[in-house]
Amino acid sequence: WSEAAALVAAAVGDRAETWDRTGRIPLETLRELGTKGVLCAQIPQEYGGLGLSSLDNGELTAATGARCSSLRSVLTSQGMAAWTILRLGSAAQRRAHLAALSSGSLAGVAFSEPEAGSDLSAMSTRISEDGTGLRVDGRKVWITVGAYADLLVVFGRFGDEAAAVLVPTDAPGVRIERVADPLGCRAAGHADVHLDGVRLPRDAVLGGAAMPLGLIATTALTYGRVSVAWGCVGILRSCLAEAARHAASRAQGGAMLASHQLVRRHLAELTVAEQAATRLCEHASRAWDARTSDLVMAAVLAKHFAATRAAEGASTAVQVLASAGSRDGHPVARAYRDAKLMELIEGSNEMSQLMLADHALAAWS
Ligand code: FAD
């Protein structure tokens, strides 16, 4: 993973602030990283990917998240799209699409709708038979990478169940509309996607058939949760480094900030958060790599803990830097905005807590 992380470091350089201000990562930068397999690095080598383990991809994701949460969001979405195709797609779909996603083609995953956020069972996007092919109608909102994507994995109703369809963004009837001025991860290409009478071949349905919504949602979201959790570890590492450097270099009241006990407590809390979040991410990734049955809950736990600690930790880092970190574009100011959004996605704090409570009741009552 360290070679892939070096490619990310070179691609980001000192440009994260500019990308955040302009709300854009240059498309050629994304395509170049994609061509090197970095954007979905867990794809097996037989499909042209780097074949990283979840643990190694996690460290790559954290290294990316420490530099730029917008680019890390692209890794998460592309990785989710690729994993969903790998897990639910036919052999032909894997061969056709995974090679493309490991060679510069960009993809996102589309669940959310205006009336279906936390409650995906309210999805109204409809996939229907249309002669020998399919037709897709609906509207998806806040789709990460949507503004850059060549392909979207779109989830919708199909008969009495659900399905995931592969929708090329240049298909007639697809209209992509950028989300204006997102609070954070501003260059992640969030977009609303209008799907009006989009006609697709029959083999655009992953696995060729309808599936239970719970199965397809858990498949995609478990990857997303592990990835977001590692991204939050990256945010915590960057906040810890910024806070420690500042505390060791500025004096107030005749002493370095780092020698004031209340400032030291902030550094201690950031250290605990970064270390504990890392351990939970490692646990989830080891469960992924060993295919153990506790993976789904380990992913929820890691995501919930890492996201809440990243949001708290970014706030703590702004506290330590005070005015020095209170400018738009400063790494801790950016982290403060980016981290808050991690508490909303791939299962909000509240939805994660509901799942953890269900787990506790099943295990202990
Ligand atoms: P709501 O569901 O309306 O929830 C509002 C509040 O009520 C939240 O605090 C929620 O936790 C709480 N709440 C809701 N239901 C319950 C309940 N039963 N019990 C307790 N509390 C509850 N979607 C995609 O499909 N693909 C993407 O790539 C994608 N990227 C995103 C990136 C960003 C930065 C953001 C902000 C969103 C993205 N989304 C994406 C959408 C995201 O998945 C939804 O925002 C999320 O599921 C929450 O839905 P909502 O915003 O409609 O909030």
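A brief report on the enclosed structure follows. (Residues numbered from 1 in each chain as written. Predicted model: local features only at pLDDT ≥ 70, side-chain atom pairs only at ≥ 80, totals over all residues. Heavy atoms only, no water.)

### Focus on empty space enclosed by the protein
Here comes step 1: Evaluated as defined, the whole model comprises 2 cavities of 30 Å³ or more.
Here comes step 2: If you add up the space inside the largest cavity, you get close to 70 Å³.
Here comes step 3: Contributing to the lining of the largest cavity are Gln42, Ser54, Asn57, Gly58, Thr61, Tyr223, Val226, Ser227, Trp230 and Trp288.
Here comes step 4: Those elements that provide at least two residues to the lining of the largest cavity are helix 4 (54-67) and helix 7 (213-249).
Here comes step 5: Residue composition of the lining of the largest cavity, by class: 4 nonpolar, 6 polar and no charged.
Here comes step 6: There is about 30 Å³ of room inside the second largest cavity.
Here comes step 7: Looking at the lining of the second largest cavity, the elements with two or more residues in it are helix 2 (16-22), helix 5 (69-88) and helix 10 (331-342).
Here comes step 8: With 3 residues, the top contributor of residues to the lining of the second largest cavity is helix 2. (1 Å grid on protein atoms, 1.4 Å probe; cavity = no way out; pocket = protein on both sides within 12 Å on 5 of 7 lines; lining within 4 Å. Points joined across faces, edges and corners; volume = space filled by probe spheres on them. Helix = DSSP H or I, 4+ residues; strand = E, 2+ residues; numbered from the N terminus. Nonpolar A, V, L, I, M, F, W, Y, C, P; charged D, E, K, R; others polar.)

### Points about unusual backbone geometry
Here comes step 1: In this structure, Trp142 takes a positive phi of about 60 degrees despite not being glycine.
Here comes step 2: For Trp142, the location among the structural elements is in strand 3 (residues 133-143).
Here comes step 3: Its identity is not glycine, yet Asp181 carries a phi of approximately 50 degrees, on the positive side.

### Some words on the site of the ligand
Here comes step 1: Surveying the vicinity of the ligand reveals 17 residues, the closest of which are Phe111, Ser112, Ser118, Ser348 and Glu350.
Here comes step 2: With respect to the ligand, the backbone of Val109 contributes an N or O atom lying 2.9 Å from a nitrogen atom.
Here comes step 3: In the model, an oxygen atom of the ligand is placed 2.6 Å from a nitrogen or oxygen of the Ser348 side chain.
Here comes step 4: Its free accessible area being 960 Å², the ligand has 61% of it covered by the protein chains.
Here comes step 5: In this structure the site holding the ligand corresponds to the largest pocket.
Here comes step 6: Of all the secondary structure elements, the ones that give two or more residues to the shell around the ligand are strand 1 (107-110), strand 3 and helix 11 (349-364).
Here comes step 7: Taken together, the residues that form the shell around the ligand break down as 10 nonpolar, 6 polar and 1 charged. (Near = heavy atom within 4 Å. Polar contact = N/O pair within 3.5 Å; in protein donor to acceptor, adjacent residues only side chain to side chain. Areas by Shrake-Rupley, 256 points an atom, 1.4 Å probe, with all protein chains shown as cover. Sits in = over half its atoms within 2 Å of the grid points.)

### Considerations on the packing of helix 4 against helix 7
Here comes step 1: Where helix 4 meets helix 7, the axes come as close as 7 Å, and the angle between the chain directions of the two elements is 45 degrees. With respect to each other, helix 4 and helix 7 are oriented oblique. Note that helix 4 runs across helix 7; the crossing there is right-handed. Here Ser54, Leu55, Asn57, Gly58, Glu59, Thr61, Ala62, Gly65 and Ala66 of helix 4 lie close against helix 7, whose contacting residues are Tyr223, Val226, Ser227, Trp230, Gly231, Val233, Gly234, Ile235, Arg237 and Ser238.
Here comes step 2: Each residue belonging to the contact of helix 4 with helix 7 can be placed in one class, and the counts come to 8 nonpolar, 9 polar and 2 charged. (Axes fitted to C-alpha atoms, helices over the stretch in contact; angles between N-to-C directions. Parallel < 35°, antiparallel > 145°, perpendicular 65-115°, else oblique. Left-handed = near helix turned anticlockwise from the far one by under 90°. Contact = heavy atoms within 4.5 Å.)

### Brief notes about the nonpolar core
Here comes step 1: The biggest cluster of nonpolar side chains holds 75 residues, and the ones touching the most others in it are Phe111, Phe155 and Met342.
Here comes step 2: Considering every element that reaches this core, the biggest residue donor is helix 7, with 17 residues.
Here comes step 3: The contacts of Met342, once residues within four sequence positions are left out, are Arg72, Cys185, Val228, Cys232, Ile235, Lys303 and Ala307.
Here comes step 4: Counting 43 residues, the second largest nonpolar core, distinct from the first, contains Ala110, Val198, Leu200 and Ala204. (Core = buried A, V, L, I, M, F, W, Y, C linked by side-chain atoms within 4.5 Å. Buried < 20%, exposed > 50% of the residue type's maximum accessible area, 1.4 Å probe, protein only.)

### Re the layout of surface pockets
Here comes step 1: Counted as a void, the largest pocket has a volume near 1,000 Å³.
Here comes step 2: Lining of the largest pocket is provided by 38 residues; of these, Ser112, Leu344, Ile345, Glu346 and Gly347 occupy positions nearest its centre.
Here comes step 3: When residues in the lining of the largest pocket are grouped by element, the largest group, 7 residues, is from helix 7.
Here comes step 4: Classifying every residue of the lining of the largest pocket gives 20 nonpolar, 13 polar and 5 charged.
Here comes step 5: Estimates place the volume of the second largest pocket at around 230 Å³.
Here comes step 6: For the second largest pocket, the full set of lining residues is Trp83, Arg87, Leu215, Thr218, Thr219, Thr222, Trp288, Arg291, Thr292, Leu295 and Val296.
Here comes step 7: The set of elements that each furnish at least two residues to the lining of the second largest pocket consists of helix 5, helix 7 and helix 9 (295-321).
Here comes step 8: Looking at the lining of the second largest pocket, the element that brings in the most residues is helix 7, giving 4 residues.

### Things to note about the state of the cysteines
Here comes step 1: In this structure the tally under the stated criterion is 0 disulfides.
Here comes step 2: In this structure Cys40 is a free cysteine whose sulfur lies 18 Å from that of Cys68, the closest cysteine sulfur available.
Here comes step 3: Sulfur of Cys185: no disulfide; nearest cysteine sulfur belongs to Cys68 and is 8.2 Å away.
Here comes step 4: We classify Cys185 as buried; its relative accessible area is 2%. (Disulfide = S-S within 2.5 Å.)

### Looking at the packing of aromatic side chains
The geometry of an aromatic ring pair comes down to the distance between the two centres and the angle between the two planes.
Here comes step 1: Enumeration over the complete set of coordinates arrives at 3 aromatic pairs.
Here comes step 2: When the ring of Tyr223 is compared with that of Trp288, the centres are 5.7 Å apart and the planes differ by 80 degrees; the resulting orientation is edge-to-face. One end of the pair, Tyr223, is in helix 7; the other, Trp288, is in helix 8 (residues 261-290), with 65 residues separating them in the sequence. The two residues Tyr223 and Trp288 agree in class, both being buried.
Here comes step 3: By way of ring pairs, the aromatic residues Trp83, Tyr223 and Trp288 are connected into one cluster.
Here comes step 4: A cation over an aromatic ring shows up here: Arg178 above the ring of Tyr148, its NZ or CZ 5.6 Å from the ring centre. (Phe/Tyr/Trp six-rings, centres within 6.5 Å; stacked < 30°, edge-to-face > 60°. Lys NZ or Arg CZ within 6 Å of the ring centre and 35° of its normal.)

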